[in-house]
Amino acid sequence: MRNILLLLKVNSNEMKSEIQESLVKEWLVEALPYEVMWMNEVGEIVYANSKFCERLGYRKAEIVKLSIFDINNTVTEESWKLHWKVLKNEQTNNFKETHKNKSGEFYEVEVFSQFFSNNGKNLICAIVNDITKSSFYKKVMDSTEAIANLGGWELNLQDGSLIATTEALRIFNTDDKTDLTLAKVIHYFKDPEKVKNLLLGVMRKAVSYDEVLETTETPPRFLRAVARPILKGDKVYKISGVYQDITDQQIKENSLQLYKEVIDNAEDLIYVYNRAGKLVHYSDSLIKQLGFSKKQLGTFSVYDLDSAVTAEWWSTHFEEIIEKGAFHFEWMVTRKDGTKFPVDITANHLRHNNEDYNCAVVRDITERKMRDLKLFEALEEIKSLKERLENENEYLQEEISSKINAGNIISHSDAYEKVLEQINQVAPTDTTVLITGESGTGKELLASALHTNSLRKDRPLIKINCATLPKELIESELFGHRKGAFTGAVENKVGKFTLADGGTILLDEIGEMPIDLQSKLLRVLQEGEFDELGGGKTIKVDVRVIAATNRNLEEMIKEGTFREDLYYRINVFPIYNIPLRARKADIPLLAQYFLEKYSAKAGKAFKRLSKKTIDVLMDYNFPGNIRELENLIERAVIVNNGTTLHPGSWMPKTDLLTSNDDFKSFEAMQRNYIIKVLNYTDWRVSGKKGAATILNMKDKTLFAKMIRLGIEKQVVLKK
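Keep in mind that this is a model prediction, so the values were computed, not measured.

A.B. asks: Explain the pairing of strand 11 (residues 269-274) to me, using residue names and the numbers behind them.
C.D. replies: In terms of burial, strand 11 is largely enclosed, as six of its six residues are buried. Residues Leu269, Tyr271 and Tyr273 line one face of strand 11 and the alternating positions Ile270, Val272 and Asn274 line the opposite face, and both faces are buried. When strand 11 meets strand 15 (residues 355-364), the two strands line up antiparallel, connected through six bridges. Note on strand 15: the bridge partner recorded for Tyr273 is Asn358. Examined bridge by bridge, strand 11 and strand 12 (residues 279-282) share three bridges and lie antiparallel to one another. Counterpart to Val272 in the pairing with strand 12 is His281. Taking the residues that link successive antiparallel strands as the turn, the strand 11-strand 12 hairpin has four residues, and the phi of Gly277 there is positive, at about 90 degrees.

In structure tokens form, the structure reads like this:
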């Protein structure tokens, strides 16, 4: 009963006119199974519910013209003043009185009074119960099952006996009253420990409780649980309690609480529309947020506030809200000045006086959208980085599958010490390096060593051989292209410079780069930027460039096939990789390394080279350098067996053996001359201006000789 009085107090903080206009508050009072009236300080009745009016026989319009003196002949002005003073001090009071109805008949009542004050206005709320035919308590017990879903129970602590009403058992869906004992009843609730402590508190400490508890059912129900101790002296010998199913009320209270929280949030916009779309109520935040005046909003409909809304859309939307009860979506709201902002809308169905309403709670989500945009941009960046990582991984996998001795520089000769010293000097810097030397000397290994010992070692080393790519594709390979940039560009391609961002790029055989592309490379070296083919955005990169070539770039500058400014830009730190014949002390070491490598691959048992084999190799000039040595050992492993590699058919021809003087063999001279002619013809073999015509030999013969001499430039023969 105290909770009911408090609820009435919360719902009666407004004056008489406000109470009569409040749907929710009046519904709560009208739904109570008691007679309720409110009186002011002079005893005038300012409000009475229907049950009170019916019992007295007055209409509501008549009852508000009466006072306490009209319905209780025993009350005088002096007794009323005393009653007011006592109630003001004690806040609540419970007593029995005699009331008189409109017909002049008297009947006994029990009254529960509550004093409250709001905004300087004081009122008394009285809950009145007719006890003419029976006691108030018996009447409550008799009417619980039919009116309030209220079930009573009583536990005798002396003998452990439990009495429970039919409604109490029905609430717990059981026929066994022992299910309401402490040991069992706690398991009906989501928080059994709390229920246990409440019951033990009544038993042991005589502490009453009145709680709303949630059940473990799906969907859950809400039960009001009330228990009071019955004392004999200072000991509890009985507990009397009730359980009431208030699920419907709790759901409505939750809805009312949500509505209250929304209203209290001044940043939200609240619209209430009727079925015709007329704006019947709104929050003051509309004036601030949208810029309209109260006068304007007072005449507006949903169509005035949003030109995008049509009658057909509104009708469908309204019916959907009625069907679902609530509807959630995002929208754009237009201000008076025409500007728009994104909102999140929760449209709720309300029914009042048999009419349907749409109560829309609108929240500005501009900041959330900005966060979403930033998140989207971040995700796009992550996606881009992921794609880049995948591309790098794909590239590195290709490198791993084709790499020979990567990361290994095998040497103990004094002649090669200067080269390694240069590597150690320049590796920690970002300086551009030009590695020159004959084909097969291991220029790529030097580039790998430069990168591995640099500060960029955690980023990839991207390698590209300019001699192996057609002229029309080398730009796309280096700088990438967008889909549709040229015929055959069916998808976007990431260029090698983009993959190498933050790392190192090796431009092998840079002398083969087309002259018209060299200016674009120069821009990357000088500005650190380039444009994709078909792209509209300049790409910035931070890449260290290592160039390598076996050609004489200075001669190419004279011939006009290589830009002088590009040469000086890449020749910041030149390293000449000496040929194998200049570091012969490394031949036994390299030969042993290749022997072990290819023996393992072929499943052979070779462990060492014979002394004679080493002597023959040391006497050979190796025009093909380390690559030729590697090929010789691989061939030897294939055609021989045993644990020691002896000389055989795999050995180099004796006419290519060197003398003690620094003379070149005839085939070495041939090789250099053929390369010189090929450079002159831009590596064209056949035709009137081809190298075969100048050398007075068939193009197929020249091509075979190039293969034998290790001239590795790829060419296409014209038939």
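A.B. asks: For the nonpolar core, give the residues involved together with the corresponding values.
C.D. replies: Within the largest apolar cluster, 31 residues are counted, with the highest numbers of intra-cluster contacts made by Leu478, Phe497, Leu507 and Ile570. Breaking this core down by element, the ones donating at least two residues are strand 17 (461-465), helix 20 (471-479), helix 21 (496-499), strand 18 (504-508), helix 22 (515-527), strand 21 (544-549), helix 23 (553-559) and helix 24 (564-570). Looking at this core, the element that brings in the most residues is helix 22, giving five residues. Beyond its immediate stretch of four places on either side in the chain, Leu507 contacts Ile464, Cys466, Leu478, Leu521, Val545, Ile546, Ala547 and Ala548. Counting residues in each nonpolar core, the second largest holds 25 residues, with Phe292, Val309, Trp314 and Ala360 among its members.

A.B. asks: I'd like a description of the packing of helix 25 (residues 587-602) against helix 27 (residues 625-639), backed by residues and values.
C.D. replies: Two elements in contact, helix 25 and helix 27, have axes whose closest approach is 9 Å; the angle formed by their N-to-C orientations is 45 degrees. On the basis of the axis angle, helix 25 is oblique to helix 27. Crossing handedness for the pair helix 25 and helix 27: right-handed. Across from Ile587, Leu590, Ala591, Phe594, Leu595, Lys597, Tyr598, Ser599 and Ala602 in helix 25, the residues of helix 27 making contact are Ile626, Leu629, Glu630, Ile633, Glu634 and Val637. Within the contact of helix 25 with helix 27, the residues separate by chemical class into eleven nonpolar, one polar and three charged.

A.B. asks: Describe the packing of helix 20 against helix 22, and please don't skip the residues or the numbers.
C.D. replies: Running from amino to carboxyl end, helix 20 crosses helix 22 at an angle of 15 degrees, the nearest separation of the two axes being 11 Å. With respect to their mutual orientation, helix 20 and helix 22 come out roughly parallel. Where helix 20 crosses over helix 22, the handedness of that crossing is left-handed. Within the contact between the two elements, helix 20 uses Ile474, Glu475, Leu478 and Phe479 and helix 22 uses Leu517, Lys520, Leu521 and Val524. Taken together, the residues of the contact of helix 20 with helix 22 sort by class into six nonpolar, no polar and two charged.

A.B. asks: Can you lay out the sheet that holds strand 8 (residues 209-214) for me, pointing to particular residues and giving the numbers?
C.D. replies: In spatial order, the strands read 7-6-10-9-8; together these five strands make up an open sheet with antiparallel pairing. The open sheet has two edge strands with one neighbour each: strand 7 (162-164) and strand 8. Between one strand and the next, the sheet's axes are offset by a mean angle of 20 degrees, whatever the strand orientation. The strands that helix 11 (residues 192-205) touches are strand 6 (150-156), strand 8, strand 9 (222-232) and strand 10 (235-245); relative to strand 8, the one it contacts most, it runs at about 160 degrees.

A.B. asks: Please set out the side chain of Arg671 residue by residue, giving values where relevant.
C.D. replies: Locating Arg671 in the fold gives a position in helix 28 (residues 666-680). The charged side chain of Arg671 is buried without a salt bridge, its nearest counter-charge being Glu438 at 5.2 Å. Beyond its immediate stretch of four places on either side in the chain, Arg671 contacts Ser439, Pro623, Leu709, Gly710 and Ile711.

A.B. asks: With reference to specific residues and values, describe helix 7 (residues 77-90).
C.D. replies: The end-to-end C-alpha separation of helix 7 is 20 Å, in line with the 20 Å expected for 14 residues at 1.5 Å each. Burial in helix 7 covers these residues: Trp80, His83, Trp84 and Leu87. Relative to the axis of helix 7, the buried residues are bounded by an arc of 100 degrees and lie together on one face. Among the exposed residues of helix 7, those pointing more than 90 degrees away from its buried face are Glu78, Lys81, Leu82, Lys85, Asn89 and Glu90. One or two residues past the end of helix 7 sits Gln91, with phi positive at roughly 75 degrees.

A.B. asks: So, the confidence of the model for the protein: which residues are in play, and what are the values?
C.D. replies: When the pLDDT values of the protein are averaged, the result is 83; 86% of them are 70 or greater. Ignoring residues within four places in sequence, the model shows residues 655-661, a span with pLDDT below 50, making twelve contacts including any to other chains.

A.B. asks: With reference to specific residues and values, describe the packing of aromatic side chains.
C.D. replies: Evaluated as defined, the whole model comprises 21 aromatic pairs. Pairing Phe172 with Tyr243 gives two aromatic rings, centres 4.8 Å apart and planes at 80 degrees, and the pair type is edge-to-face. Placement of Phe172 in the loop between helix 9 (166-171) and helix 10 (182-185) and of Tyr243 in strand 10 is noted, with a sequence separation of 71 residues between them. Seen in terms of ring centroids, Phe479 and Phe497 are 5.5 Å apart; in terms of plane orientation they differ by 10 degrees. Their pairing is stacked. A residue pair is termed long-range when its members are at least 10 positions apart, and Phe479 in helix 20 and Phe497 in helix 21 qualify at 18 residues.

A.B. asks: A description of the pattern of salt bridges should follow, citing residues and the corresponding values.
C.D. replies: As a working rule, side chains carrying opposite charge can pair if their charged atoms are close by. Per the stated rule, a full pass over the model turns up 35 salt bridges. Its salt-bridge partner being Lys324, residue Glu320 comes within 2.9 Å of it at the nearest N-O pair. One end of the pair is Glu320 and the other is Lys324, both in helix 16 (residues 311-324) and four residues apart, which spans about a single turn. Where Glu529 meets Arg523, a salt bridge forms, and the shortest distance between an N and an O atom there is 3.1 Å. Looking at Arg523, the relative accessible area reads 26%, which means it is partly exposed. What you see here is one network of salt bridges that share partners, running through Arg275, Glu319, Arg351 and Asp356.

A.B. asks: Kindly report on the sheet that holds strand 15, identifying the contributing residues and their values.
C.D. replies: Adjacent strands of a sheet pair through backbone hydrogen bonds, lying either parallel or antiparallel. Here five strands make up an open sheet; going across it, the order is 12-11-15-14-13 and the pairing antiparallel. Each edge of the open sheet carries a strand with a single partner, namely strand 12 and strand 13 (326-334). Sheet twist, expressed as the average angle between the axes of neighbouring strands with direction ignored, equals 30 degrees. Sitting on the sheet, helix 16 touches strand 11, strand 13, strand 14 (340-352) and strand 15, and the angle it makes with strand 13 is about 145 degrees.

Definitions and limits used
- Residues numbered from 1 in each chain as written.
- Predicted model: local features only at pLDDT ≥ 70, side-chain atom pairs only at ≥ 80, totals over all residues.
- Heavy atoms only, no water.
- Buried < 20%, exposed > 50% of the residue type's maximum accessible area, 1.4 Å probe, protein only.
- Helix = DSSP H or I, 4+ residues; strand = E, 2+ residues; numbered from the N terminus.
- Pairing = 2+ DSSP bridges.
- Core = buried A, V, L, I, M, F, W, Y, C linked by side-chain atoms within 4.5 Å.
- Contact = heavy atoms within 4.5 Å.
- Axes fitted to C-alpha atoms, helices over the stretch in contact; angles between N-to-C directions.
- Parallel < 35°, antiparallel > 145°, perpendicular 65-115°, else oblique.
- Left-handed = near helix turned anticlockwise from the far one by under 90°.
- Nonpolar A, V, L, I, M, F, W, Y, C, P; charged D, E, K, R; others polar.
- Lys, Arg positive; Asp, Glu negative; His and termini not counted.
- Salt bridge = Lys/Arg side-chain N within 4 Å of Asp/Glu carboxyl O.
- Expected span 1.5 Å × (residues − 1).
- Arc of directions from axis to C-beta.
- pLDDT = per-residue confidence, 0-100.
- Phe/Tyr/Trp six-rings, centres within 6.5 Å; stacked < 30°, edge-to-face > 60°.

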